[in-house]
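Okay, here's what each chain looks like letter by letter:
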Amino acid sequence: MPESTETAPRVRKRRRSWIRVLIPALLVLVWVAGAGLGGPLFGKVSEVSSNDQTSYLPSSADATEVQQLLGEFNDSEAIPAIVVFVGDEDLTESQLSAIDDAVSGATEVEGVADEVSPAIPSEDGLAVQAFIPISSDAELGDAVSALEDELRAAAPDGVTVYVTGPAGFSADLVAGFAGIDGLLLGVALLAVLIILILVYRSLLLPIVVLSTSLFALCVALLVVWWLAKWEILLLSGQTQGILFILVIGAATDYSLLYVARFREELRSTKDKGAAVLAAWKGSVEPILASGGTVIAGLMCLLLSDLKSNSTLGPVASIGIVFAMLSALTLLPALLFAFGRAAFWPRRPKFEPEVVSAEDGMATTGIWAKVARLVKRRPRVVWIATTLVLVLGAAGVTQLNANGVPQSDLVLGASEARDGQVALGEHFPGGSGSPVYVVVDEGSLQDAADVLLANDGIDSVAVTAADSPSGTAGVTEDGISAFGPPGTPAPDPTVVDGEVLLQGTLTDAADSDAAASTVRDLRAELTDLDARVGGVTATAVDTNDASVHDRNLIIPIVLVVILLILMLLLRSILAPVLLVLTTVLSFGTAMGVSALVFNGIFDFPGADPAVPLYGFVFLVALGIDYNIFLMTRVREESLKHGTQEGVLRGLSVTGGVITSAGLVLAATFAALSVIPILFLAQLAFIVAFGVLLDTFVVRSLLVPALSYDIGRTIWWPSKLGRGKR
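Residues numbered from 1 in each chain as written. Predicted model: local features only at pLDDT ≥ 70, side-chain atom pairs only at ≥ 80, totals over all residues. Heavy atoms only, no water.

Asks: What's the story with the overall build of the chain in this structure? I'm lost.
Replies: The number of helices and strands found in the chain is 22 helices and 10 strands. Counting every position in the chain, which comprises 724 residues, the buried fraction comes to 55%. Across the chain, contacts joining residues at least 24 apart in sequence account for 81% of those joining residues at least 6 apart. In the form shown here, the chain has an accessible surface area of approximately 30400 Å², with 59% of it arising from carbon and sulfur atoms. (Helix = DSSP H or I, 4+ residues; strand = E, 2+ residues; numbered from the N terminus. Buried < 20%, exposed > 50% of the residue type's maximum accessible area, 1.4 Å probe, protein only. Contact = heavy atoms within 4.5 Å. Areas by Shrake-Rupley, 256 points an atom, 1.4 Å probe, with all protein chains shown as cover.)

Asks: Is there a simple way to think about the pattern of salt bridges in this case?
Replies: A pair can form between side chains of opposite charge whenever their charged atoms are brought close. Tallied over the full model, the rule gives 13 salt bridges. When the shortest N-O distance is used, the salt bridge between Arg632 and Glu264 registers 3.4 Å. Taken together, the residues span a long stretch of sequence, with Arg632 in helix α20 (residues 609–640) and Glu264 in helix α8 (residues 237–268) at a distance of 368 residues. By relative accessible area, Glu264 is classed as partly exposed at 29%. (Salt bridge = Lys/Arg side-chain N within 4 Å of Asp/Glu carboxyl O.)

Asks: Mind showing me how you'd approach a positive patch on the surface here?
Replies: Side chains of Lys369, Arg372, Arg376 and Arg377 sit close together on the surface and give a patch of like positive charge. Take Lys369: its relative accessible area is 53%, and that puts it in the exposed class. (Patch = residues over 30% accessible without salt bridge, like charges linked within 9 Å, V, L, I, M, F, W, Y side chains within 5 Å. Lys, Arg positive; Asp, Glu negative; His and termini not counted. Charge placed at Lys NZ, Arg CZ, Asp CG, Glu CD.)

Asks: Sorry, what's going on with the packing of helix α21 (residues 642–669) against helix α22 (residues 677–709) here?
Replies: The geometry of a pair of packed helices is captured by two quantities: the angle between their axes and the separation between those axes. Contact geometry of α21 with α22 gives a least axis separation of 9 Å together with a crossing angle of 175°. Here α21 lies roughly antiparallel to α22, going by the angle between them. The residue inventory of the contact of α21 with α22, partitioned by class, reads 17 nonpolar, 8 polar and 1 charged. (Axes fitted to C-alpha atoms, helices over the stretch in contact; angles between N-to-C directions. Parallel < 35°, antiparallel > 145°, perpendicular 65-115°, else oblique. Nonpolar A, V, L, I, M, F, W, Y, C, P; charged D, E, K, R; others polar.)

Asks: Looking at this structure, how should I read the pairing of strand β3 (residues 127–134)?
Replies: Taking burial as the measure, the 8 residues of β3 include 7 buried ones, the bulk of the element. Here 8 bridges tie strand β1 (residues 79–87) to β3, and the two strands are oriented antiparallel to one another. Looking across to β3, one finds that Ile79 is bridged to Ile134. By the bridge criterion, 2 bridges tie strand β2 (residues 120–121) to β3 in an arrangement that is antiparallel. Considered in β3, the bridge of Pro121 is made with Val128. Linkage of β2 to β3, two consecutive antiparallel strands, is achieved through a turn of 5 residues, within which Gly125 is found at a positive phi near 75°. (Pairing = 2+ DSSP bridges.)

Asks: Explain helix α18 (residues 535–569) here, please?
Replies: Within an α-helix, residues lying three or four positions from one another point in the same direction, as the helix has 3.6 residues per turn. With 35 residues, α18 ought to run about 51 Å at 1.5 Å a step, and its terminal C-alpha atoms sit 49 Å apart, in line with that. The axis of α18 is deflected most strongly, by about 25°, at Ile553, and proline Pro555 appears within four residues downstream. Where α18 terminates, the next one or two residues include Arg570, which has phi positive at roughly 55°. (Expected span 1.5 Å × (residues − 1). Bend = angle between axes of the 7 residues up to and from the residue.)

Asks: Help me understand the confidence of the model for the chain in this model?
Replies: Keep in mind that low pLDDT regions are not for reading the predicted coordinates in detail. In the predicted model, the chain carries a mean pLDDT of 84, and 89% of its residues have values of at least 70. Here strand β8 (residues 478–480) stands out as the element of the chain with the lowest mean pLDDT, 46, in contrast to helix α14 (residues 378–393), whose mean of 94 is the highest. (pLDDT = per-residue confidence, 0-100.)

Asks: Could you clarify how one ought to interpret helix α16 (residues 444–453) in this entry?
Replies: Of the positions making up α16, those classed as buried are Leu444, Ala447, Ala448, Val450 and Leu451. The buried residues of α16 occupy an angular sector of 160° when projected down its axis, which confines them to one face. (Arc of directions from axis to C-beta.)

Asks: Can you help me understand the sheet that holds strand β4 (residues 159–164) in this one?
Replies: By way of backbone hydrogen bonds, the strands of a sheet pair with one another, either parallel or antiparallel. The antiparallel open sheet is built from 4 strands, whose spatial order is β2-β3-β1-β4. Looking at the sheet topology across the chains shown, the edges are occupied by β2 and β4. In the packing of helix α3 (residues 93–105) onto the sheet, the strands contacted are β1, β3 and β4, and the crossing angle to β3 comes to about 5°. Strand contacts of helix α5 (residues 165–177): β1, β3 and β4, with the helix running at about 100° to β1, the strand carrying the most contacts.

Dropping the structure here:
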């Protein structure tokens with residue numbers, strides 16, 4: 001019995017030791033298994049994603065309803081490609097014959113639907129256009145590329161071939177997003193790795209942190225991919241790119257915060273297990289608060305009318321959840337395994353006496369100098385930085401965020417864009433991308449008259465039941481078939497008492513003039529209860545929905561984040577000031593971005609969703625750094641008073657928050673390698689805004705303002721009535 005009693009504590013100690021080892025090992029195995037399942041999906045996202053604008057519109061939008069009806073009228077869901085043949089001079093009979101043969105032979109190309117419309121010569125005799133449908137089941141990019149190769153090979157000498165229209169522009173988007181799985185991910189990870197090596201001056205620790213981010217992304221992709229596969233979520237190339245960047249950036253930021261705490265604890269204790277646990281306790285609240293704030297902001301996007309916005313909320317939130325989980329489970333497990341060796345060759349020393357002497361306050365280094373500047377001249381610092389930010393925000397008046405033509409969505413060279421220019425030179429600008437009007441059968445002629453009277457419409461056709469091409473011309477005298485004068489008019493196709501009119505626009509389908517024509521037609525057709533759809537109408541509805549979303553969601557995000565900060569900081573004044581400084585930082589970022597977009601990059605404008613996305617990411621992520629700072633300030637204020645707490649919080653968190661800001665800016669900047677205008681603009685706005693928030697707002701404005709106000713910053717909590 002005595003022997004048994006003596007060995008019992010040893011047994012319990014060994015059991016605790018095994019548990020301490022077993023739990024981290026199991027956590028690592030779970031993450032490895034999840035990454036093993038999610039990793040292979042990187043090359044398969046296109047299988048469950050869509051870049052079709054119409055699929056993201058509200059179901060009640062006119063363009064959506066018309067798009068859903070097109071298949072019933074045309075019995076086809078093919079995507080039209082407009083092929084333009086342009087001669088160096090007037091096309092000869094032999095050239096026209098060769099072009100006809102090339103168009104007829106296009107049906108042999110894999111992915112091209114069987115029914116190809118006859119080629120149509122231009123009035124000036126210099127060009128020919130043909131409508132070649134691409135099967136909706138085909139790989140669009142491959143099909144368009146194969147069609148281009150086939151037609152160029154078959155075209156006669158002296159004739160240039162362009163493939164444009166909906167299929168051409170969609171193929172451009174597919175090609176633009178093609179680099180997301182490889183190029184974007186590679187650039188982002190390389191940028192983060194370089195920054196981590198410079199920050200830690202270590203070989204192993206950057207790999208550990210980067211692995212944490214990459215594993216989080218793999219598991220997040222696994223969940224998102226299957227939700228998209230089950231049609232629970234919509235996934236687009238744009239959403240996919242943002243998910244990748246957001247997870248890598250956020251997971252790395254949270255990891256930096258945890259590693260900083262872990263390094264602190266290793267200086268106070270020899271036991272790496274105790275250091276892991278203490279670091280977890282010190283970082284769990286700010287990480288959860290930070291991630292929760294970002295998720296709350298993202299989930300406000302569910303209020304959006306546009307599914308491209310509303311679906312980003314849950315997709316990105318899933319990414320943030322796994323970013324937090326990896327930083328709070330996988331990273332501690334890995335650091336438990338490596339201990340001080342993770343920091344090699346600069347291992348933290350066990351020096352409790354030095355830590356005690358420092359008392360948590362750095363006395364040397366850049367952040368100690370910044371803290372002393374804030375202490376000497378707090379009012380001058382915060383007023384000066386505020387004036388600079390206000391000056392930068394003045395540029396926001398130059399931001400043109402009213403939408404951009406479809407032809408400008410892809411940066412760099414674009415055959416579809418060149419083809420549209422050629423099409424506009426020889427044919428009505430809207431050829432191949434008509435305005436569709438669905439109207440009651442009895443109002444067919446009235447609707448046709450409205451279209452014909454509009455200067456923005458070149459010609460009108462009606463889907464016909466017995467016309468070989470499926471359409472018949474509509475003139476002011478009534479309906480007549482295409483062909484010689486006097487040809488009997490076929491009966492229109494009637495679906496549930498409705499008919500389909502097609503109006504060829506005189507202007508390019510993605511131009512402002514075409515958008516004005518669609519708006520005019522909708523106003524003029526109101527009494528006929530007609531619905532107007534098509535490529536132009538889709539763009540109009542998308543822009544209108546984006547403006548609605550921007551005006552609705554931005555105020556709601558502000559209120560939600562403000563409430564979260566009030567709960568976290570147990571204060572009213574501090575959260576209000578933090579939100580105001582972040583909004584000012586956002587305004588400056590947008591103002592400077594507008595000047596850069598217009599004066600340096602010469603961009604054609606911006607999508608209305610650009611300010612919304614920029615706001616959600618900058619405000620939610622900018623508040624992150626204020627949360628990291630102010631939670632530490634509050635912790636120090638409870639011990640040393642508010643003003644001393646501000647200086648201590650700034651000096652202690654300065655390095656880690658700056659590193660986190662650099663990482664996040666670098667990851668978002670990586671979006672610019674994808675040649676899509678929206679992503680390039682978002683990359684600049686967020687990267688610049690994060691750097692501004694990191695080096696100006698969080699480093700100078702917030703600490704100086706908090707120091708100047710003193711304990712009142714915590715009003716009305718008890719801390720606000722404590723010592724200054």
